[in-house]
Amino acid sequence: MACQGLQKGETLASLKTESDGLKKKLEVERGKLNDVELHQVAEKTEVLGALSIKTRRVLKGHGAKVLCMDWCKDKRRLVSSSQVRTSTDLWTREHGVSLPCTWVMACAYAPSGCAVACGGLDNKCSVIPLSLDKDENLAAKKKSVAMHTNYVSGCTFTNSDMQMLTSSGDGTCALWDVESGQLLQSFHGHTADVLSLDLAPSETGNTFVSGGCDRKANVWDMRSGQNIQSFESHESDINCVKYYPSGDAFASASDDATCRFYDLRADREVAVYQKDSIVFGASTVDFSLSGRLLFAGYNDYTINAWDVLKGNRVSILFGHENRVSRVKLSPDGTAICSASWDNTLRIWA
Amino acid sequence: MTSNSNLSNMRRMVEQLKLEASVERIKVSQAAAELQQYCLQNASKDALLVGVPTGSNPFREPRSCAVV
C-alpha cells in the first residue's frame, strides 16, 4: 500500500477534524468584523426617486429563445445567441448577420470589436473574426479555442483579444491563448457545474469570480490558478455573478429567488435582495454605472431594479413574455439590454 | 487507491481553508462606507439613475419633430 506523502499521525479523521475546525474559525473571523449591516450604513443616504426606465427598442429576428448577449465597446453593436427551433443549429446574430456557431450558451465581443467568441453544448468556445464583407464565408474562419469536457456556460475575453476565460459544466474555469488555443491556466475548486464568470474591472486586476451549481461563488487569481476567496450562502444554484463597478464587491443571482451582494475586503455577504412575492429564480444580474442599482432578470419574465445600498426594490421592468436570460449594461451606462426566451432582446433606458 | 485520493482531497481542502482563514479582512462598517462613497461619487454620471436629457440619450427618441 503506497503511503507516500502521509504526514506523521495524519488520517482522514484527523484531517476532517482540522477542516471542520478551520470552517468554524472562518465563520468566527468573518463574524467578528460584521459590526453593522450595509442598509444601516445607507440609512442616511437619500431614498431613490422613481426611475424613468422603459423599453426603448425591441429587437426581433431571432427564431427562438435568446440565451446570451454582449455589447460591443462601440456601444452600438450587440452580439446575441439563440436556439433555433427548427434545426439543431444554434446561431449567433451580430448586427443582422448570422454567424456559424452551434449550440451557443455563451457569447462575447472581443475588446477590439473585431471578433466574437461563442460556445456551448459542443463543449468548445470558438472565435469568429468579423468582417464588413457580408458575403465572406465566416464558417471557414471560425476557430476553436477552448476545449472542455462538458458544456461551456460562460466566456469572456480578458483585457485584449489575445486571451479568453471560460466556465464550464465540467466544474472548471480555464484561461486560453486565443492564437494557439493553448490552455494557460485551469481553475479547480467547484464541485459541480460552473454557470457564470465575470472578470474584475480594474485594468491591472488579475482576478475573476465564478458561480455554479455547488451554490458557491469563488474568486480566483488568474496567474496562479489559486482560489483566493469562497462564498457559500445561496440555497440553490448560482446562475450569474457580476462585479460591482469599483471591483471591491460582486453580486450573484440564484435559483433560490434571491440576489446577494458580497464585499471582497470584508470577505462576507453584505446584502440579500429578496421579497416574499418573488418566488422564481433569478438568472442574471448587472449593476448600473455608479453601482447604486442592481438589475436582475427572473424566470417570472420580469426585471427588478434594486437599490444596492438600501436593499429595497426600486422598480419592476415589465415587457418580456418569457424568462429573462441575460441583462447587461451598455458600455457607457446609458442603457440596459435584456435577452429573453420570448425570442427578443429589449433595450431599456 | 480510493483511500489515498480521499486523503489528498481532504488535505487539499484543509490547505484551501487555511488560505481562506488567513485572508486579511476589514470591518463591514468600513467596507459599506466605501461602497456607499463610490455610489455617491458616481451617481451624477449614472444615466439610468438620474436620467439624461432626452436629446442626448441615443436610445430615447427626441420629443420634438425635426423638419426634413
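Reading the values: rules and limits
- Residues numbered from 1 in each chain as written.
- Chains lettered and ligands numbered in written order.
- Predicted model: local features only at pLDDT ≥ 70, side-chain atom pairs only at ≥ 80, totals over all residues.
- Heavy atoms only, no water.
- Pairing = 2+ DSSP bridges.
- Helix = DSSP H or I, 4+ residues; strand = E, 2+ residues; numbered from the N terminus.
- Axes fitted to C-alpha atoms, helices over the stretch in contact; angles between N-to-C directions.
- pLDDT = per-residue confidence, 0-100.
- Contact = heavy atoms within 4.5 Å.
- Buried area = accessible area lost by both parts, 1.4 Å probe.
- Salt bridge = Lys/Arg side-chain N within 4 Å of Asp/Glu carboxyl O.
- Polar contact = N/O pair within 3.5 Å; in protein donor to acceptor, adjacent residues only side chain to side chain.

Details of the sheet that holds strand β15 (residues 207-212) of chain A
Residue and element names in this part refer to chain A.
- A sheet is described by the order of its strands in space; here four strands give the open sequence β14-β15-β16-β17, paired in antiparallel fashion. Taken across any chain shown, the strands that pair with only one partner, and hence form the sheet edges, are β14 (194-199) and β17 (227-231). When strand polarity is set aside, the average angle formed by the axes of neighbouring strands in this sheet is 20°.
- Pairing of β15 with strand β16 (residues 217-221) involves five bridges; the strand directions are antiparallel. From the neighbouring strand, Phe-208 faces β16, where its bridge partner is Trp-220.

Description of the confidence of the model for chain A
- Overall, the prediction assigns chain A a mean pLDDT of 89, with 89% of residues at 70 or greater.
- Note on residues 85-95 of chain A: pLDDT under 50 across the span, and 49 contacts to partners over four residues away in sequence or across chains.

Focus: the interface of chain A and chain B
- Each partner contributes residues to the interface: chain A has 66 residues there, and chain B has 42 residues.
- Across the chain A/chain B interface, buried area totals approximately 4700 Å², and carbon plus sulfur atoms make up 67% of it.
- Together, Leu-33, Arg-265 and Ser-290 of chain A form the three largest contributors to the area buried by chain A at its contact with chain B, with a combined 13%.
- Remark: the boundary between chain A and chain B carries three salt bridges.
- For Glu-34 of chain B, the salt bridge goes to Arg-265 of chain A, with nearest N and O atoms at 2.4 Å.
- Taken together, the connections running from chain A to chain B amount to eleven residue pairs in polar contact (both at pLDDT 80 or more).
- Listing elements by their share of the side of chain A that touches chain B, those giving two or more residues are α1 (12-32), α2 (38-41), β1 (55-59), β17, β20 (259-263), β21 (268-273), β23 (293-298) and β28 (345-348) of chain A.
- For the side of chain A that touches chain B, the element with the most residues is α1 of chain A, which contributes ten residues.

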